[in-house]
Amino acid sequence: MAKGITRRAEDYSRWYTDVIAAGELADYAPVKGCMVIRPNGYALWEKMQATLDKMFKDTGHVNAYFPLFIPESFMKKEAEHVEGFAPECAIVTHGGGKKLEEPLYVRPTSETIIWSSYKNWIQSYRDLPILINQWANVVRWEMRTRLFLRTTEFLWQEGHTAHATELEAEEETLKILKVYTSFAEDYMAIPVIQGFKTDKERFAGAVRTYCIEAMMQDKKALQAGTSHYLGQNFAKAFDVTFQDEAGEVNHVYATSWGVSTRLIGAIIMTHGDDNGIITPPKLASIQLAIIPITKGEEERNQILELIEKITISWNGKFSFKVDDREGYRPGWKFNEWEQRGVPLRMEIGPKDFEKQQVVLVRRDTGEKIPVPLEELTGTIERTLESIQVNLFKRALKFRDENTFVINDYAEFKTQIESPGGFFWIHWCGKTECEDRLQEETKATIRCIPMGNPYLDSGKCLICGGESHRRVIAAKAY
Ligand SMILES: [Zn+2]
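Rules of the game
- Each chain carries its own residue numbering, running from 1 in the written order of its sequence.
- Since the coordinates come from a predicted model, pLDDT governs what is reported: local features require at least 70, and pairs of side-chain atoms require 80 or more to be given and counted, while whole-chain, interface and lining totals use all residues.
- Based on all heavy atoms of the structure, the side-chain values leave hydrogens and waters out of the count.
- Segments assigned H or I by DSSP are reported as helices when at least four residues long, segments assigned E as strands when at least two residues long, and all are numbered from the N terminus.
- To sort residues, take the accessible area from a 1.4 Å probe on protein chains only and compare it with the maximum for the residue type: under 20% means buried, over 50% means exposed, and anything in between is partly exposed.
- By the convention used here, residues are in contact when the closest approach between their heavy atoms is within 4.5 Å.
- Using a 1.4 Å probe, accessible areas were evaluated by the Shrake-Rupley method; residue-level cover was limited to the displayed protein chains.
- When charges are counted, Lys and Arg are positive and Asp and Glu negative, with His and the chain ends excluded.
- Lys charges are placed at NZ, Arg charges at CZ, Asp charges at CG and Glu charges at CD.
- Here, any two strands with at least 2 DSSP bridges between them count as paired.
- In this listing, donors mean N, O and S atoms no farther than 2.8 Å from the metal, or 3.2 Å for Na, K and Ca; water is missing from the atoms, so a site can look incomplete.
- In short, tetrahedral needs four donors with all angles between 85 and 135 degrees, square planar needs four and octahedral six donors with opposite donors over 155 degrees apart and all other angles between 65 and 115, and whatever is left is irregular.
- The nonpolar core is taken to be a set of buried Ala, Val, Leu, Ile, Met, Phe, Trp, Tyr and Cys residues, with the residues joined through side-chain atoms within 4.5 Å.
- Two rings from Phe, Tyr or Trp (for Trp, the six-membered ring) form a pair when their centres are within 6.5 Å of each other. A pair whose planes differ by under 30 degrees is stacked, one over 60 is edge-to-face, and the rest are tilted.
- In this scheme, Lys NZ or Arg CZ marks a charge over a ring once it lies within 6 Å of the ring centre and within 35 degrees of the ring normal.

Asks: How should I be thinking about the overall build of the protein in this particular structure?
Replies: Tallying secondary structure elements over the protein gives 14 helices and 25 strands in all. Overall, the protein is about 80 × 55 × 50 Å in size when its C-alpha atoms are taken along their principal axes. Expressed as a percentage of the 477 residues in the protein, the buried residues total 52%. For the protein, the proportion of contacts with a sequence separation of at least 24, taken over those separated by at least 6, is 69%. Surface summary for the protein: the accessible area is close to 21,700 Å², and the carbon and sulfur share equals 49%. If the 60 positive side-chain charges of the protein are averaged to one point and the 68 negative ones to another, these points end up 3 Å apart.

Written out as structure tokens, the structure is:
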């Protein structure tokens, strides 16, 4: 067991904090709720960013940057939006030593400032669509914070698109949901459920909020991404109209969508073990750590020379790091690379040198694999792929084993506490019942799943009223 990491079974929440400290991923900052993302954590974010950025560009999007400050009057233009966000906003009232004429909101999200620009950019159908993404920081004043999962300032991307028709905007919303799903499953190795939010949980100012939901190892849900169909709400608030081909003037249709650094928390809580974080190979900035095991100068030189010969052809195939630091014992190094979540480790000592082999150690299973040098490159590539696949399969199996169909409210109240999990429940559609569920059990309706296998009719778990499909209820982060 790793030093300084509480076991998951003992205290999951402590484990999470310990993993972040041991992996040197992030620290709390002097301002409550803010975080310092350390180089190991930031390297992971950079890989996620690069992958997503390419996916956005491949689907026709471009990047831009809008200001951090939003005039109060902009925020107030969309009533539901300001009502939803105002309680968690930081507001600047002074600048340059003077009281400002108009207070400035530190962006909690950028719909309003972006749509004030779109008003100037859009006149005709020829100006549409606009498919812009922004990489930025945002601030939401959080009372209860946890590193990566919920911090006052966080990093994210926010897409803001403008379209001529409702259909096109809806298509965009779903296209992005597909991108997020693929990113979660194919790169983060996290299985997700696609669905849409209930009215109560939908984004302030949206017509419909789509989401992907994942199950963490403590069986709580984590919302891993959202894609909103905004209808004409922001176009009307900012009076953004365009002339269509027939010469008629209409309001523009909008979408917005985002994922954030909270996804790092999702990776930790989906794949991590009692030794720390496990990074999926596709997102690992270092996929292979190479650790020479040597005594004395001569042996050291011999083995480092061999490593150089082996690795010379590896550039572009996978990323690796030779840990030739002196003054640290091999066991100490193994532990450190494990805690940093590097998916694969290669050990090479004098006996291996004699046999012309190395030993690979998988981070996900701990399995030790002796490999002859002539088969090494291919074996590393295959093993990295196998780790990526195994992490996904393991997470999917865990979610399946902890997902239940339930029809009795009393039973639900017990089950949600222990063993916990995702529960398919019948729900009549009333916010009243949703509120009661949350008050009485602390569980929420995570989403109304798409591709819902349970379209049977039944009785609402809470009120017994008529229900035509099941939804997913769970406790959530
Ligand atoms: Zn009901």
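Asks: Before we go on, may I ask you to explain the pairing of strand β21 (residues 422-426) in this structure?
Replies: Along any regular strand the residues' side chains alternate between the sheet's two faces. Taking burial as the measure, the 5 residues of β21 include 5 buried ones, the bulk of the element. Side chains of β21 alternate between two faces, with Phe422, Trp424 and His426 and Phe423 and Ile425 buried alike. Pairing analysis gives 3 bridges linking strand β20 (residues 403-405) to β21, with the strands arranged parallel. The residue bridging threonine 403 from the neighbouring strand is phenylalanine 422, located in β21.

Asks: Looking at this model, I keep getting lost on the environment of threonine 165. Mind explaining?
Replies: Looking at where threonine 165 falls in the secondary structure, it is placed in the loop between β8 (153-163) and α6 (166-187). Overall, the relative accessible area of 38% leaves threonine 165 in the partly exposed class. In the structure, threonine 165 is positioned 36 residues away from proline 129 in sequence and 9.5 Å away in space, judged by C-alpha atoms.

Asks: Looking at this structure, I do not really get the coordination of the zinc ion. What am I missing?
Replies: Ideal geometry at a metal centre: 109.5 degrees between donors when four sit tetrahedrally, and 90 or 180 degrees when six sit octahedrally. Here the zinc ion is held by the protein donor atoms Cys428 (SG), Cys433 (SG), Cys460 (SG) and Cys463 (SG), which lie 2.2 to 2.4 Å from it. Coordination at the zinc ion comes from 4 donor atoms whose angles at the metal span 102 to 117°, giving a geometry best classed as tetrahedral. All donors of the zinc ion come from a single chain, and their spacing in sequence reads C-x4-C-x26-C-x2-C. With cysteine 428 in the loop between β21 and α14 (431-441) and cysteine 460 in the loop between β23 (458-459) and β24 (466-467), the pair connects residues that are 32 residues apart, well separated along the chain. Under the relative-accessibility criterion, cysteine 428 is labelled partly exposed at 24%.

Asks: What should I look at first to understand unusual backbone geometry in this one?
Replies: Across the chain, the bulk of peptide bonds are trans and the bulk of non-glycine residues have phi less than zero. Cis geometry is adopted by the peptide bond preceding proline 129, which originates at leucine 128 and carries an omega value of -5°. Mapping proline 129 onto the fold places it in the loop between α5 (111-121) and β7 (130-139). Residue serine 418 is joined to proline 419 through a cis peptide bond whose omega torsion reads 10°. Residue placement: proline 419 occurs in the loop between α13 (409-417) and β21. Of note, the phi angle at glutamate 24 is positive, near 50°, even though the residue is not glycine. As for its position among the elements, glutamate 24 is in the loop between α1 (12-22) and β1 (26-28). For alanine 189, which is not glycine, the phi torsion reads 60° and is therefore positive.

Asks: Got a minute to help me understand the nonpolar core in this structure?
Replies: Met48, Phe148, Met188, Ile268 and Met269 are the most contacted members of the largest nonpolar core, which totals 46 residues. Mapped by element, the contributors of at least two residues to this core are α1, α2 (39-58), α6, β10 (208-215), β11 (221-231), β14 (253-260) and α8 (262-271). Residue contacts for methionine 269: discarding those within four places in its chain leaves Tyr12, Trp15, Tyr16, Leu149, Met216, Gln217, Leu222 and Tyr477.

Asks: Sorry if this is basic, but what is going on with the packing of aromatic side chains here?
Replies: Each aromatic ring pair is characterised by the separation of its centres together with the angle its planes make. On inspection of all chains with the given rule, the structure shows 20 aromatic pairs. Taken together, a centroid distance of 5.8 Å and an interplanar angle of 80° make the contact between phenylalanine 74 and phenylalanine 238 edge-to-face. Here phenylalanine 74 is found in helix α3 (residues 72-75), whereas its partner phenylalanine 238 is found in the loop between α7 (233-237) and β12 (241-243), with 164 residues between them in sequence. Relative accessible area serves as the criterion here: at 5%, phenylalanine 238 is assigned to the buried category. Consider the rings of tryptophan 115 and tyrosine 118, whose centres lie 5.1 Å apart with planes at 70°: the pair is edge-to-face. In this pair, tryptophan 115 and tyrosine 118 both sit in helix α5, 3 residues apart, roughly one turn of the helix. Since its relative accessible area comes to 0%, tryptophan 115 is described here as buried. Members of the aromatic cluster, each reached through a chain of ring pairs, are Trp45, Phe56, Trp135, Tyr180 and Trp257. The cationic tip of lysine 220 hangs over the ring face of tyrosine 477; the distance from NZ or CZ to the ring centre is 4.6 Å. Sitting over the ring of tryptophan 337, arginine 340 keeps its end group 5.4 Å from the ring centre.

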